[in-house]
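Examination of the molecular architecture
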Amino acid sequence: MREVSRNGHVDATPEAIWPDLVDGQRFAEWYAFCDEVEEPAPGTRVLLGSWGSQRSAVTTEIVAAEQPTRFAWRHVAEELDGRPAPSVAIETTVEVVLEPSADGGTDVTITSRQRPRGAVQAIALKLLARRQLGGMLDQSLDMLAARHDGRATPSDGDAEG
């Protein structure tokens, strides 16, 4: 299992941040991997964005919505330019955890976990995670903090399991 985790602080309560996780339009305004969210059925979302020069669509299933502290989803299908994307991971899940802090704000952790399809894919995920995935999670934390008039202070939390 490959895990990439980023932590930051947002100057808002978990209750104030929660709508940014569960409302598709608000989610797309801070989550760096997508610029639009479609919600075709309860518990399912399609995250639309770009991966390099290609348009991407990731169909996700919401697997946890524990208001106001935890929101998680898993990838069900991935497409690039309308065709099935090359499968690097057997399973991908993403989790956002909101923990109240003593200063009245919230410590936010975003964790992406991938179970590689094989040894070659494990190497590709490791390289991808260090550069692009971690950077996109840092960017997401910054955009989430900016929505609440603050700046996240990201910290590197890469871990391999």
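To be clear, the structure that these remarks concern was listed above.
Anyway, here's the lowdown on the structure attached to this text.

Thresholds, definitions, all that
- Residues numbered from 1 in each chain as written.
- Predicted model: local features only at pLDDT ≥ 70, side-chain atom pairs only at ≥ 80, totals over all residues.
- Heavy atoms only, no water.
- Buried < 20%, exposed > 50% of the residue type's maximum accessible area, 1.4 Å probe, protein only.
- Helix = DSSP H or I, 4+ residues; strand = E, 2+ residues; numbered from the N terminus.
- Arc of directions from axis to C-beta.
- Salt bridge = Lys/Arg side-chain N within 4 Å of Asp/Glu carboxyl O.

Given 3.6 residues to a turn, an α-helix orients residues that are three or four positions apart in the same direction. Turning to helix α1 (residues 14-22), its buried residues number three or more, namely P14, I17, W18, D20 and L21. For α1, the arc enclosing every buried residue in end-on projection is 160°, short of the 170-degree limit, so these residues lie on one face.

Turning our attention to the pattern of salt bridges. For the structure shown, the criterion picks out 12 salt bridges. Between R74 and E61 there is a salt bridge, with the nearest N and O atoms lying 2.7 Å from each other. A residue pair is termed long-range when its members are at least 10 positions apart, and R74 in strand β5 (residues 70-80) and E61 in strand β4 (residues 54-66) qualify at 13 residues. We classify E61 as partly exposed; its relative accessible area is 30%. Between E95 and R70 there is a salt bridge, and its shortest N-O distance comes to 2.4 Å. Within this pair, whereas E95 is found in strand β7 (residues 89-100), its partner R70 is found in strand β5, the two being separated by 25 residues in sequence. The partly exposed category is assigned to R70, whose relative accessible area is 27%. Each of E3, E66, R70, E95 and R113 takes part in one network of salt bridges that share partners.

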